[in-house]
Amino acid sequence: MALIGDQGTGSDTKAVYELLLSEKADFVIILGDFDYGDDPDAWADEMDSVLGDSFPVFGVIGNHDTDAWSGYQDKLKARLAKIAGASCEGDLGVKSNCTYRGLHFVLSGLGTKGSDGDHEKHIAQVLTADDHLWSICTFHKNQRDLQAGDKPDDLTWKALQACQNDGSIIAMGHEHSYARTRTLTDVGNKGAAHGATGMAELLEVGPGRTFSVVSGLGGKSIRDWDSGLHGNENWWGSVYTKNYWLKNGVEEENFEAEHGALFLRFFVDSDPNAAQGYFKNIKGDVIDEFDIVHK
């Protein structure tokens, strides 16, 4: 599967779509902020021009999607109807959860549409009721500690703690860069580095253990690493921004940042507990790669 957010329109956005095809992604979850133009028809037409009208696409509402949300949601519902084997319940892209190809994922508008309390309750309930091995909590908004720029706390730690308790991966957008943590065991406790543990390139998920990622390089723009806010943080695995690239704990130099997508592959080598992740940019460079073990 692929995760992208903050798309915009034009050549970079189309190149990200082409990347999904070249990597043979089975489906994509768009983490909000589609075209920044309140034009669902134009957004869908551009996507169809590369992916076709039946490529499996799921999406979550972003703050730049609210004014024309009913139109975007209709486009997502139309695509959902063509995805054989997919099942979604609730208010699609706002307060919903889906299953597809053995994966369970929550599509939450927390911080964008609806009350915090309602979203917290929904997330906890659907995660508790679900028994899939792999689950992902997806949002557009994020928390400042879990992204590379200066966005404020727009989610709630209570919601993210519910994801951690379940062992669900946390995926967000909103900040136009890429940032992935190490394994986290105490989300929301900054004084304890959010419980960061283990190696940067090997993540563990399961009850009480998760990791978070921001994948916001879908085509709109690329933002800087805010060293003043994040320079002393030690929970990062990899970060990729306009001015800073950290790959599994090692700083890389002499690069030009490009848009791209995060890919997650599950059931690696026929092992239901093994997964792999990598972020690839539209030039074909592998920016981040890591293994995931479900315990």
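Right above here is the structure, for reference.
Residues numbered from 1 in each chain as written. Predicted model: local features only at pLDDT ≥ 70, side-chain atom pairs only at ≥ 80, totals over all residues. Heavy atoms only, no water.

**Q** Please clarify how the packing of aromatic side chains should be interpreted in this entry.
**A** Within a pair of aromatic rings, the relevant descriptors are the distance that separates the centres and the angle that separates the planes. Applying the stated criterion to the full structure yields 19 aromatic pairs. Taken together, a centroid distance of 4.5 Å and an interplanar angle of 35° make the contact between Y178 and F279 tilted. Highlighted residues: Y178 in strand β9 (residues 178-181) and F279 in strand β16 (residues 274-281), separated in sequence by 101 residues. Its relative accessible area of 0% is what places F279 among the buried residues. Centroid distance F263 to Y278: 5.1 Å. Interplanar angle 25°. Geometry classified as stacked. On the criterion of sequence distance, the pair formed by F263 in strand β15 (residues 260-266) and Y278 in strand β16 is long-range, its members being 15 residues apart. (Phe/Tyr/Trp six-rings, centres within 6.5 Å; stacked < 30°, edge-to-face > 60°. Helix = DSSP H or I, 4+ residues; strand = E, 2+ residues; numbered from the N terminus. Buried < 20%, exposed > 50% of the residue type's maximum accessible area, 1.4 Å probe, protein only.)

**Q** It is not clear to me how the nonpolar core should be interpreted in this structure. Could you clarify?
**A** A general trend in soluble globular proteins is that nonpolar side chains are found buried together. If you look at the biggest cluster of nonpolar residues, it comprises 63 residues, and the most contacted ones within it are F58 and F105. Grouped together as the second largest cluster of nonpolar side chains are 27 residues, F139, I170, M172 and L246 included. (Core = buried A, V, L, I, M, F, W, Y, C linked by side-chain atoms within 4.5 Å.)

**Q** Just to check I follow, could you spell out the sheet that holds strand β17 (residues 286-294) for this structure?
**A** Backbone-to-backbone hydrogen bonds pair the strands of a sheet. The strands run either parallel or antiparallel. Spatially, the seven strands line up as an open sheet ordered β3-β2-β1-β15-β16-β17-β10, and their pairing is mixed. The open sheet terminates on both sides in strands that have one partner only, identified here as β3 (57-59) and β10 (202-205). Sheet twist, expressed as the mean angle between neighbouring strand axes with direction ignored, is 25°. The pairing of strand β1 (residues 2-4) with strand β2 (residues 28-30) spans three bridges and is parallel. When the bridges of β2 are listed, I4 appears paired with I30. The strands touched by helix α1 (residues 11-22) are β1, β2, β15 and β16; relative to β15, the strand with the most contacts, the crossing angle is about 20°. (Pairing = 2+ DSSP bridges. Axes fitted to C-alpha atoms, helices over the stretch in contact; angles between N-to-C directions. Contact = heavy atoms within 4.5 Å.)

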